[in-house]
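Architecture at a glance
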Amino acid sequence: MKNTSFILHSSTLLVLKLRGTQDKSQMKSVKTVHQVLESQLGTPLELLVTIPQDPTAKKIPITIVLGIQSKSSHLSTLCCYHYCIPNRNGNEIFGTALLDTNNDWILDVTRQAATAVSKKFHRPCYVAWSAPQDHQYNSVEQTYVVKQCLDYIKNL
């Protein structure tokens, strides 16, 4: 678990660097929380979320780094990075993959999570996916991952 956490935290630092949030004033206005959740299929899901401290600060994005730990000894790598932003009215969401992957499952779950979080909380959202390359994905797990992201952020 420590290796995955280290890789997951390293991915987050990379994500924060790519996002350009090294501004100290913005760093003070956010909080980062880490949670390990058991999925329906028994594969641990690591969730690292950075959210604004002030709920009225609509320009500060929510950042989510998801990590799947495999039973194999392979280390996790940053596989995909997706960004979504609501329009001014909040009724439409625009998104793009900032780091694309050829794995449709990963691309779809990061897109769905970023879109759902951006729509629900009316703010920009970055979602990164970190996992071993040999992990086998299941479509049932995909819905679970998106639901867990929404539920966890809502309870913060």
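The structure this text deals with has already been given above.
A brief structural summary. Starting from 1, residues in each chain are numbered consecutively following that chain's sequence as written. Per-residue local features of the predicted model are confined to residues with pLDDT of at least 70, and side-chain atom pairs are confined, for both listing and counting, to 80 or more; whole-chain, interface and lining totals are unaffected and use all residues. Values shown for side chains rest on all heavy atoms present in the structure; no hydrogens or waters enter the calculation.

Given 3.6 residues per helical turn, the α-helix brings residues three or four places apart onto the same face. Helix numbers and strand numbers start at the N terminus; a helix is a DSSP run of H or I with at least 4 residues, a strand a run of E with at least 2. In this scheme, a helix's expected span is set at 1.5 Å multiplied by one less than its residue total. A rise of 1.5 Å per residue sets the reference length of helix α3 (residues 104-121), with its 18 residues, at 26 Å; its end C-alpha atoms lie 25 Å apart and thus fit the reference within 8%. Residues of α3 that are buried include every one of Trp105, Ile106, Val109, Thr110, Ala113, Ala114, Val117, Ser118 and Phe121, and no others. Capping the start of α3 is the job of one residue whose side-chain oxygen sits 2.9 Å from the backbone nitrogen of tryptophan 105: asparagine 103. Taken from the residues just after α3, histidine 122 is the one with a positive phi, measuring 55 degrees. For every residue, the accessible area obtained with a 1.4 Å probe (protein chains only) is divided by the maximum for its type, and the residue is called buried under 20%, exposed over 50%, and partly exposed between those limits. Residues adjacent in sequence count toward polar contacts only when both atoms are side-chain atoms; beyond that, a polar contact is any pair of N or O atoms within 3.5 Å, and within protein one must be able to donate a hydrogen and the other to accept it.

A few words on the sheet that holds strand β6 (residues 125-131). Paired strands, in this sense, are two strands between which DSSP finds at least two bridges. With mixed pairing, the six strands of this open sheet are ordered in space as β1-β2-β3-β6-β4-β5. The open sheet has two edge strands, β1 (30-38) and β5 (93-99), and neither has a second partner. Strand after strand, the sheet turns through a mean of 15 degrees between neighbouring axes, direction not considered. Two strands pair when backbone bridges link them, and strand β4 (residues 77-86) and β6 are joined in this way by seven bridges, in the antiparallel orientation. Directly across from histidine 82, in β6, lies its bridge partner valine 127. In what follows, residue pairs with any heavy atoms lying within 4.5 Å of each other are defined as contacts. Fitting a line to C-alpha atoms yields each axis, with helices limited to the stretch in contact; the angle taken between N-to-C directions then spans 0 to 180 degrees. Across the sheet, α3 touches β3 (62-68), β4, β5 and β6, and the angle it forms with β4 is around 35 degrees.

Residues Val49, Ile64, Leu66 and Trp129 are the most contacted members of the largest nonpolar core, which totals 33 residues. At the level of elements, β1, β2 (44-52), β3, β4, α3, β6 and α4 (139-154) are the ones that each hand at least two residues to this core. Excluding residues within four positions of it along the chain, isoleucine 64 makes contact with Leu47, Leu48, Val49, Val117, Cys125, Tyr126, Val127, Ala128, Cys149 and Ile153. Among buried residues, the Ala, Val, Leu, Ile, Met, Phe, Trp, Tyr and Cys ones that are joined through side-chain atoms within 4.5 Å form a nonpolar core. Grouped together as the second largest cluster of nonpolar side chains are six residues, Leu48, Val65, Tyr83 and Tyr126 included.

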